[in-house]
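Survey of secondary and tertiary structure
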Amino acid sequence: WLGALRFDNLALRSLPVDASEEGGPRTVPGACFARVRPSPLLNPRLVAMSLPALALLGLEAPAADPAAAEAEAALFFSGNRVPAGAEPAAHCYCGHQFGSFAGQLGDGAAMYLGEVLGPRGERWEIQLKGAGITPFSRQADGRKVLRSSIREFLCSEAMFHLGIPTTRAGTCVTSDSRVLRDIFYDGNPKNERCTVVLRIASTFIRFGSFEIFKPPDEYTGRKGPSVDRNDIRIQMLDYVISTFYPEIQEAYSDNTVQRNAAFFKEITKRTARLVAEWQCVGFCHGVLNTDNMSIVGLTIDYGPFGFMDRYDPEHVCNGSDNTGRYAYNKQPEICKWNLGKLAEALVPELPLEISQLILEEEYDAEFEKHYLQKMRKKLGLIQLELEEDSKLVSELLETMHLTAGDFTNIFYLLSSFSVDFDPSKFEDFLEELTSQCASVEELKVVFKPQMDPRQLSMMLMLAQSNPQLFALIGTKANINKELEHIEQFSKLQQLTADDLLSRNKRHWKEWLEKYRVRLQKEIESVGNADAWNTERVKVMNSNNPKHILRNYIAQNAIEAAENGDFSEVRNVLKLLEHPFQEAEGFQEVREGAEEEGATATAAVCSQETRSRQSYCSKPPLWASELCVT
């Protein structure tokens, strides 16, 4: 089955490859790649495969002998056997991690296998993530585990089907090999299954790939492994622009500075549009370091990501992000900051005064334009583009925040709103809308204070008496957030469910009236109101997903897989391939319903206490306890 793969490894022919055969972690100077060999796994077996992703490589659905194809995929995409024509290598890059330059990083767990020519002649780089030690593994083992691999596999495909630029995932293969992982960094490690994901993209080159030339950093003292090798920087720019931006190469073939400026302008605009798409579906990346930013504008490196459930502009999906650097509302400015670091890394081939001007002129304008265009579609504003639309969007998000509304479900419900609702239908709609807001019980979980009162008191005293020491162990933002939680939690003790519902309905009535007025302006500008409404609903339903990869959905699939049942991973994958549709053909057992025909395995996976949720329902209470690091 895999004989159909046609390799043509242009990157290794175009960029310097380290000549050393030395194994194990080391500094790799003067090279973009180092040759490696995948480390075999015990008893590899397929968890799931994405046929739409594999079709990019020219691999058709195995009709004749699916079991044999699965076994072949497990053998080759675990790294146990290398396909003919593949040339395994690890890519060298650096990066600013949480704002500080970290020096050489590189593919510590991922391996470039090669570039496969697709059926239409397009070129796809394929990688094995979790295939063993490389020169860039540092103190790690080059392995990934089942839970993180399932999350990356599912989210890569979910993002593609949402229409968001992303790397793809072809297969997820697990094994009987195990490694120790301390999931929450709390001194309680556990043995987990080694698992490998086949990743697919036009390229995995990233902003940090150009930081290998960085001289010693003034703050950390670290430097790139290829300082003073401007010849390699030139090679990389020639390769990236001619291969992935051929129209720019053709237009500026006689002027490299203009060519490089046009390239930087394009990656600036692509990045701005990408993060605008993230914001519009409530996606948080979690680790927006410069080494996790794609040079062609893709979502790359799915780690502690998360789709927002309850709308919170300050939502932090990464349990390790103690300062909230990569919070949902900070993603646009962080991506701009990362582009600034890319600009520094392109000097002297692109003077900083040129790139900084491009960044200031293009990024914010492109982000705001794309964000508002997308939000208009999500609200069904398809006829007019009015200046007031930006305020309407802001007020919607503020209402969502005040009522702790579910980001995805509220947008999805809005397509069923009508300007012609009679009072009874309006009340029914309001009831449905407010059912997507957090209950008193849910809010108590959200605002439950995290610190012991004595610890908080000590931190407040320390902030006053010894600010330098306080800065080492805490932040003012964290303390303020904890104080806010205490205040909110105290208020919730006095709040009844009826009071909350009444308050939420009042907020939503106010916003829906503004929305109705804006929709009325649309109607007045068209000849046929029925045709307009049909198109409005169609546009809204193709921009507001019904299904996203919520953490609790991923967790249910992970727990099932850890107990040997891969069916839930495959079921969720099929669901995510059609995010804008009703889940026809999927058995969805609502909370409190009988679990007819549930297998013993499924019962174990749900730990006997968890009711199975509808895939599109608000998260259950236990989901708020999930922590992804």
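Basis of the calculations
Residues numbered from 1 in each chain as written. Predicted model: local features only at pLDDT ≥ 70, side-chain atom pairs only at ≥ 80, totals over all residues. Heavy atoms only, no water. Buried < 20%, exposed > 50% of the residue type's maximum accessible area, 1.4 Å probe, protein only. Helix = DSSP H or I, 4+ residues; strand = E, 2+ residues; numbered from the N terminus. Pairing = 2+ DSSP bridges. Polar contact = N/O pair within 3.5 Å; in protein donor to acceptor, adjacent residues only side chain to side chain. Contact = heavy atoms within 4.5 Å. Domains from an automatic or database assignment. Phe/Tyr/Trp six-rings, centres within 6.5 Å; stacked < 30°, edge-to-face > 60°. Lys NZ or Arg CZ within 6 Å of the ring centre and 35° of its normal. Salt bridge = Lys/Arg side-chain N within 4 Å of Asp/Glu carboxyl O. Disulfide = S-S within 2.5 Å. Core = buried A, V, L, I, M, F, W, Y, C linked by side-chain atoms within 4.5 Å. Expected span 1.5 Å × (residues − 1). Axes fitted to C-alpha atoms, helices over the stretch in contact; angles between N-to-C directions. Parallel < 35°, antiparallel > 145°, perpendicular 65-115°, else oblique. Left-handed = near helix turned anticlockwise from the far one by under 90°. Nonpolar A, V, L, I, M, F, W, Y, C, P; charged D, E, K, R; others polar.

1. Observations regarding the pairing of strand E11 (residues 190-201)
- Taken across its 12 residues, E11 has 10 buried, putting it largely inside the fold.
- Both strand E8 (residues 123-129) and E11 contribute to a ladder of five bridges, which runs antiparallel. Residue pairing for E11: Lys-129 is matched across the bridge by Val-197.
- When strand E10 (residues 168-181) meets E11, the two strands line up antiparallel, connected through 10 bridges.

2. Focus on the side chain of Asn-289
- Along the chain, Asn-289 turns up in the loop between strand E12 (283-284) and strand E13 (306-307).
- Among the polar contacts listed, one links the side chain of Asn-289 to the backbone nitrogen of Phe-98, at a separation of 2.9 Å.
- In this structure Asn-289 touches His-96, Gln-97, Phe-98, Tyr-326 and Asn-338, once residues within four positions along its chain are discounted.

3. Digging into the pairing of strand E5 (residues 94-97)
- Strand direction decides the pairing type here: E5 and strand E6 (residues 100-104), joined by three bridges, are antiparallel. Bridge pairing in E6 places His-96 opposite Phe-101.

4. A look at the domain arrangement of the protein
- What the domain assignment lists for the protein is domain 1 (10-250) and domain 2 (443-492).
- On a C-alpha basis, the centres of domain 1 and domain 2 stand 40 Å from each other.

5. Focus: the packing of aromatic side chains
- Applying the stated criterion to the full structure yields 20 aromatic pairs.
- Here the aromatic rings of Tyr-239 and Phe-244 are separated by 5.6 Å at their centres, their planes lie at 90°, and the arrangement is edge-to-face. For the pair formed by Tyr-239 and Phe-244, the shared burial category is buried.
- Where Phe-417 meets Phe-421, the ring centres are 5.6 Å apart and the plane angle is 85°; that geometry is what we call edge-to-face.
- Here a set of aromatic residues connected by ring pairs shows up, and it is made of Phe-417, Phe-421, Phe-429, Trp-508, Trp-511 and Tyr-515.
- In this structure, Lys-214 is placed above the aromatic ring of Phe-101, and the distance from its NZ or CZ to the ring centre is 5.4 Å.

6. Brief notes about the environment of Arg-536
- Note on placement: Arg-536 falls in helix H18 (residues 529-541).
- A relative accessible area of 2% places Arg-536 in the buried class.
- As for Arg-536 and Asp-141, which are separated by 395 residues in sequence, their C-alpha atoms are 52 Å apart.
- Beyond its immediate sequence surroundings of up to four residues, Arg-536 is in contact with Gly-380, Ile-382, Leu-414, Ser-415, Phe-417, Tyr-515 and Leu-519.
- For Arg-536, the side chain forms a polar contact with the side chain of Asn-533, separated by 3.0 Å.

7. Some points on the pattern of salt bridges
- The tally for this structure, following the rule as stated, stands at 42 salt bridges.
- Close ionic contact of Glu-122 with Arg-120 constitutes a salt bridge, the shortest N to O distance being 3.6 Å.
- Residues Lys-336 and Glu-360 are paired through a salt bridge, measuring 3.4 Å at the closest nitrogen-oxygen approach. Of the two residues, Lys-336 is situated in helix H8 (residues 331-345) and Glu-360 in helix H9 (residues 352-378); the sequence distance between them amounts to 24 residues.
- Bridged by salt links that share partners, the residues Lys-129, Glu-152, Arg-199, Arg-206 and Asp-301 form one connected network.

8. With respect to the state of the cysteines
- For the structure on display, the rule yields zero disulfides.
- Residue Cys-194 stays outside any disulfide, its sulfur separated by 12 Å from that of Cys-172, the closest cysteine.
- Free cysteine Cys-437: the closest other cysteine sulfur is in Cys-616, separated by 16 Å.

9. Side note on the nonpolar core
- Core analysis: the largest hydrophobic core is formed by 162 residues, its most contacted members being Leu-57, Phe-210, Phe-264, Leu-379, Leu-414, Tyr-515 and Leu-549.
- Setting aside chain neighbours within four positions, we find Tyr-515 in contact with Leu-379, Leu-381, Leu-392, Leu-414, Phe-417, Arg-536 and Met-540.
- Counting eight residues, the second largest nonpolar core, distinct from the first, contains Ala-404, Ala-438, Phe-447 and Leu-495.

10. Things to note about helix H3 (residues 66-76)
- Residues of H3 that are buried include every one of Ala-69, Ala-73, Ala-74 and Phe-76, and no others.
- Tucked into the core, H3 has its buried residues touching strand E3 (45-49), E8 and E10.

11. Here we look at helix H17 (residues 497-524)
- When the terminal C-alpha atoms of H17 are compared, their 40 Å separation across 28 residues agrees well with the 40 Å that a helix rising 1.5 Å per residue should span.
- Among all positions in H17, only Leu-500, Asn-504, Lys-505, His-507, Trp-508, Trp-511, Leu-512, Tyr-515, Arg-518, Leu-519, Glu-522 and Ile-523 are buried.
- Those residues of H17 that are buried lie in contact with helix H10 (389-403), helix H11 (407-413), helix H12 (423-434), helix H13 (440-446) and H18.

12. Some remarks on the packing of helix H4 (residues 146-161) against helix H20 (residues 567-576)
- Where H4 contacts H20, the axes come no closer than 9 Å and their chain directions differ by 15°. For the element pair H4 / H20, the angle class is roughly parallel. In this structure, H4 crosses over H20, and the sense of that crossing is right-handed. Contacts from Ile-150, Phe-153, Leu-154, Glu-157, Ala-158 and His-161 in H4 reach Val-569, Val-572, Leu-573 and Leu-576 in H20.
- Broken down by class, the residue content of the contact of H4 with H20 amounts to eight nonpolar, one polar and one charged.

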